2 protein chains.
Amino acid sequence: MDKIMTYEEYLRDVKKGIVTDLGNCPVTPLLLMLQGKWKTQILYELCIHDTVRFSTLKKELSGITNTMLTNSLRELEADGFINRVQFNEIPPHVEYSFTERGRDLMPIFYEIMVWGFKHESDQPKKDQPKND
Amino acid sequence: MDKIMTYEEYLRDVKKGIVTDLGNCPVTPLLLMLQGKWKTQILYELCIHDTVRFSTLKKELSGITNTMLTNSLRELEADGFINRVQFNEIPPHVEYSFTERGRDLMPIFYEIMVWGFKHESDQPKKDQPKND
DNA sequence: CGGAATCCACTGTGATACTG
DNA sequence: CAGTATCACAGTGGATTCCG
């Protein structure tokens, strides 16, 4: 694909059979990378803090364990979203920051935020709260 | 929030303490709703087919089981993304389609697609394939 | 300080068989 | 046709302890 089209243009081409070698949802791969309970929250902290340390994340994401924080950070790093810089001073510390690939998620997050504000009131009740 | 700002404007306000009542990532809630292996693929089929039947989904999403398809559809319906219309003819069938809430995901998917095309080549290898 | 290692509970996913 | 019911399994999430 040479030029960026809209999603609906893209889908129209898919329907017409012009795009056949994909065969699958172009949205899925990224969203699979962002799955898990903590990934997006870590990225959010990265947005706020520019660079952030392990201990800061641990403090901000209340409830997260060392294990999960480590795993999530490792996966985000492996997927190329964040950088990990280790400072071997005393006391040692580590700083995490966005890669360009990660920072380019911003427009997506912006659209999600817009969607969220538009639809925050129409969230259907998946289970009615019982009035006790 | 009265007017839509950019995500970075929003984050700047968060940093300044103007937005304090949120306290959490505005991106996370939606992405949690879209988690799972099949959700986005189902939505993708909905994009292509406008309305789509259970059996069509079953055929297109090769590998999905009745259980997972049913569960995913139920959750997408509960989250307000899709409509379910049942036709009690002979033979009976069911048609799924987007709600407005679901269709409004399009701009998000578009941004994800743009991101995907920009970064499709810089995907780092998370594990080197061993040449056996 | 920033993890790693281990163990464990839970739940997401899947295969199979059956039903209105 | 469009599911439901059950069971099995694997991966995720979590608590605790220990290490460089």
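Residues numbered from 1 in each chain as written. Chains lettered and ligands numbered in written order. Predicted model: local features only at pLDDT ≥ 70, side-chain atom pairs only at ≥ 80, totals over all residues. Heavy atoms only, no water.

Draft legend 1. Geometry of the packing of helix 3 (residues 39-49) of chain A against helix 5 (residues 66-78) of chain A. All names here are of chain A. Look at helix 3 against helix 5: their axes get within 10 Å of each other, and the N-to-C directions meet at 75°. Of the possible angle classes, the one that applies to helix 3 and helix 5 is roughly perpendicular. Seen from helix 3, the contacting residues are Lys39, Ile42 and Leu43; seen from helix 5, they are Leu69, Ser72, Leu73, Glu75 and Leu76. Looking at side-chain class alone, the contact of helix 3 with helix 5 contains five nonpolar, one polar and two charged residues. (Axes fitted to C-alpha atoms, helices over the stretch in contact; angles between N-to-C directions. Helix = DSSP H or I, 4+ residues; strand = E, 2+ residues; numbered from the N terminus. Parallel < 35°, antiparallel > 145°, perpendicular 65-115°, else oblique. Contact = heavy atoms within 4.5 Å. Nonpolar A, V, L, I, M, F, W, Y, C, P; charged D, E, K, R; others polar.)

Draft legend 2. Broad picture of the protein's contact with DNA strand C. Around DNA strand C, the structure places 19 residues, and the nearest of them are Ser55, Thr70, Arg84 and Tyr96 of chain A together with Lys37 of chain B. Contact between DNA strand C and Arg74 of chain A: a phosphate oxygen at 3.0 Å from a side-chain N or O atom of the residue. For DNA strand C, a phosphate oxygen lies 2.5 Å from a polar atom in the side chain of Arg84 of chain A. Mapped by element, the contributors of at least two residues to the surface near DNA strand C are helix 4 (54-60), helix 5 and strand 3 (93-98) of chain A together with helix 5 (66-78) of chain B. If one sorts the elements of the surface near DNA strand C by residue count, helix 5 of chain A sits on top with four residues. In terms of residue class, the surface near DNA strand C is made up of six nonpolar, nine polar and four charged. (Near = heavy atom within 4 Å. Polar contact = N/O pair within 3.5 Å; in protein donor to acceptor, adjacent residues only side chain to side chain.)

Draft legend 3. Up close: helix 5 of chain A. Residue and element names in this part refer to chain A. With 13 residues, helix 5 extends 18 Å from end C-alpha to end C-alpha; this agrees with the ideal 18 Å at 1.5 Å per step. Buried within helix 5 are the following residues: Leu69, Ser72, Leu73 and Leu76. One side of helix 5 holds all its buried residues, which, seen down the axis, span an arc of 100°. At its buried positions, helix 5 is contacted by helix 3, helix 4, strand 2 (82-87) and strand 3. (Expected span 1.5 Å × (residues − 1). Buried < 20%, exposed > 50% of the residue type's maximum accessible area, 1.4 Å probe, protein only. Arc of directions from axis to C-beta.)

Draft legend 4. Expanded view of the sheet that holds strand 2 (residues 82-87) of chain B. All names here are of chain B. Here we have three strands laid out as an open sheet, ordered 1-3-2, and antiparallel in their pairing. With partners counted over all chains shown, the strands left at the sheet margins are strand 1 (51-53) and strand 2, one partner each. Within this sheet the neighbouring strands show an average axis-to-axis angle of 30°, counted without direction. Here three bridges tie strand 1 to strand 3 (residues 93-98), and the two strands are oriented antiparallel to one another. Residue pairing for strand 3: Val52 is matched across the bridge by Tyr96. Against the sheet, helix 3 (residues 39-49) contacts strand 1, strand 2 and strand 3, and its axis sits at roughly 90° relative to strand 3. Sheet contacts for helix 5: strand 2 and strand 3; angle to strand 2, the most-contacted strand, approximately 115°. (Pairing = 2+ DSSP bridges.)

Draft legend 5. Main features of the environment of Gly102 of chain B. By the element assignment, Gly102 of chain B lies in helix 6 (residues 100-103). A C-alpha to C-alpha distance of 13 Å links Gly102 of chain B and Glu75 of chain B, two positions 27 residues apart in sequence.

Draft legend 6. Main features of the interface of chain A and chain B. Taken together, the contact between chain A and chain B spans 53 residues of the former and 53 residues of the latter. When chain A packs against chain B, the two sides together hide about 5,300 Å² of surface, and 69% of this comes from carbon and sulfur. Run the count over chain A and chain B and you get four salt bridges. Of the charged contacts, one joins Lys118 of chain A and Glu100 of chain B as a salt bridge, the two residues approaching to 3.6 Å between their closest N and O atoms. In this assembly, chain A and chain B are joined by twelve residue pairs in polar contact (both at pLDDT 80 or more). When contributions to the side of chain A that touches chain B are tallied by element, the ones reaching two or more residues are helix 1 (7-16), helix 2 (28-33), helix 3, helix 6 (100-103) and helix 7 (106-119) of chain A. Each residue belonging to the side of chain A that touches chain B can be placed in one class, and the counts come to 32 nonpolar, ten polar and eleven charged. (Buried area = accessible area lost by both parts, 1.4 Å probe. Salt bridge = Lys/Arg side-chain N within 4 Å of Asp/Glu carboxyl O.)

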